[in-house]
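# Report on the structure
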Amino acid sequence: MNLSCKYKAVDELNKRINKCTVCRLSLTRKHVLTGEGDINARLMMIALSPGEKEDSENRMFIGPSGQILNKLFDKAKMLRESVYITNLIKCMLPKNRRPKTDEINACSPFLEEEIAVIDPEIIVPLGFYATRSVLMKYHADLPSARSEFTSLYGRLIFSDDQKIFPLPHPASLLYHPSFESKTEEKYIKLNIFLHDCKWFPVCPMKWYYEKGRLDKKWIEKYCRGDWESCVRFKMEEERRFHHDWMLPDGSIDNSLKPV
Ligand code: SF4
């Protein structure tokens, strides 16, 4: 979709979102919040819903969690405007209560449309509800308990041809400030997703992939994703010898070995 079609599609979608009265949250909101940021961004962040300040001033992430999000972007040396940010639920949840299943179901079609129009390279759901919805949409494995979702934060997942990078919601630091440095480490990773691995043009993995001998997931998860975690990348940087048939996770695939 070209840029002007994209602007039109986002505008048309936002007009419909602004008029929505499908669920009870329309009765208690002041504003409906639609997405903000670069509609051509590689990264699309999805939070849960607007807070009180966001609802009254009709701006995304301007309350206490927004202050934390800004700091996390600073740490990652990224501009907030360089990503597209939206919510799973477009209207405020009264008194910050948990969302009900029917409210998530009522609002999800808007998010689906938004994802289709923005077409991000990587979806970054923030916190439990957004992460669960995005993983379900792309048929990724779901942890069996809510407490286990934290183990997914900061890990790049590739499912149904979509890259997903769940992160803790910035609001979690309001309640658990001791998690600050661990959360920062995860957000700093966002920066590396802005470009592919510098070794990709000459990497044997690219060659094997183009010859149809390597599964796409290796390229998407490492070369065009979290290349900083690639064992080959680290060894290249340290000028250490490694076989051409060593995979990005450091395992050896002898089927790639020349005969
Ligand atoms: S396999 Fe590793 S070193 Fe090679 S391009 Fe991919 S991320 Fe970079």
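Source: prediction; values computed, not measured.

The next point concerns the domain arrangement of the protein chain. The parts lose accessible area when they come together, and the size of an interface is often stated as this lost area. If you check the domain split of the protein chain, you get domain 1 (3–194) and domain 2 (200–256). Between domain 1 and domain 2, the C-alpha centre-to-centre distance is 31 Å. Between domain 1 and domain 2, the contact holds 9 residues from the first and 10 residues from the second. For the domain 1 and domain 2 pair, buried surface summed over both sides reaches about 920 Å², with 52% attributable to carbon and sulfur atoms.

Surrounding the ligand, one finds Cys 197, Trp 199, Phe 200, Cys 203, Met 205, Tyr 222, Cys 223, Trp 227, Cys 230, Arg 232, Phe 233 and Pro 248. Mapped onto the shell around the ligand, the elements with two or more residues apiece are α9 (216–223) and α10 (231–237). Tallied by class, the residues present in the shell around the ligand amount to 11 nonpolar, no polar and 1 charged.

In this section: the packing of aromatic side chains. Across all of its chains, the model carries 6 aromatic pairs by this definition. Seen in terms of ring centroids, Trp 218 and Tyr 222 are 6.1 Å apart; in terms of plane orientation they differ by 20 degrees. Their pairing is stacked. Placement of the pair is Trp 218 and Tyr 222 together in helix α9, with a separation of 4 residues, close to one helical turn. With a relative accessible area of 16%, Tyr 222 lands in the buried category. Through a chain of ring-to-ring contacts, three or more aromatic side chains come together here, namely Phe 128, Tyr 129 and Phe 149. Taking the ring centre of Phe 200 as reference, the NZ or CZ of Lys 206 above it sits at 5.9 Å.

Turning our eyes to something else, we now look at the pattern of salt bridges. Pairing between side chains of opposite charge can happen when the charged atoms of each approach one another. In this structure the tally under the stated criterion is 22 salt bridges. Measuring nitrogen to oxygen at the nearest pair gives 2.8 Å for the salt bridge that ties Glu 121 to Lys 163. Remark: Lys 163 occurs in strand β6 (residues 162–164) and Glu 121 occurs in the loop between α4 (101–118) and β4 (122–125); sequence separation between them is 42 residues. The partly exposed category is assigned to Glu 121, whose relative accessible area is 23%. Judged by relative accessible area, which is 2%, Lys 163 ranks as buried. Two residues, Asp 226 and Lys 189, come together in a salt bridge whose shortest N-O distance is 2.8 Å. Of this pair, Asp 226 sits in the loop between α9 and α10 while Lys 189 sits in the loop between α7 (180–188) and α8 (204–210), placing them 37 residues apart in sequence. Because the salt bridges share partners, they merge into one network encompassing Arg 42, Glu 121, Lys 163, Asp 196, Glu 220 and Arg 224.

What follows concerns unusual backbone geometry. Positive phi outside glycine occurs at Asp 119, with the angle close to 50 degrees. Within the fold, Asp 119 resides in the loop between α4 and β4. For Asp 119, a relative accessible area of 57% puts it in the exposed group. Even without glycine at this site, Asp 161 takes up a positive phi of about 70 degrees. Here Asp 161 lies in the loop between β5 (157–159) and β6.

Conventions adopted
Numbering of residues starts from 1 in every chain and runs along the sequence as written. Per-residue local features of the predicted model are confined to residues with pLDDT of at least 70, and side-chain atom pairs are confined, for both listing and counting, to 80 or more; whole-chain, interface and lining totals are unaffected and use all residues. By convention in this description, side-chain values take in all heavy atoms of the structure and omit both hydrogens and water. Note that the domain bounds reflect an automated or database-derived domain assignment. Every residue pair with non-hydrogen atoms within 4.5 Å of one another is taken to be in contact. Reported buried area values correspond to the accessible surface (1.4 Å probe) lost by two parts on association, with both partners' losses combined. It suffices for a single heavy atom of a residue to lie within 4 Å of a molecule or strand for the residue to be listed as near it. Strands here mean DSSP runs of E at least two residues long; helices mean DSSP runs of H or I at least four residues long; both are numbered from the N terminus. Ten residue types, Ala, Val, Leu, Ile, Met, Phe, Trp, Tyr, Cys and Pro, are classed as nonpolar, four, Asp, Glu, Lys and Arg, as charged, and the remainder, Gly among them, as polar. Only Phe, Tyr and Trp rings take part, Trp by its six-membered ring, and two of them pair if their centres are within 6.5 Å. Stacked means planes under 30 degrees apart, edge-to-face means over 60, and tilted covers everything else. For the exposure calls, accessible area comes from a 1.4 Å probe over protein chains only, and a residue counts as buried if that area is under 20% of its type's maximum, exposed if over 50%, partly exposed in between. Whether a charge sits over a ring depends on NZ of Lys or CZ of Arg being within 6 Å of the ring centre and within 35 degrees of the ring normal. Salt bridge, as used here, is a side-chain nitrogen of Lys or Arg placed within 4 Å of a carboxyl oxygen of Asp or Glu.

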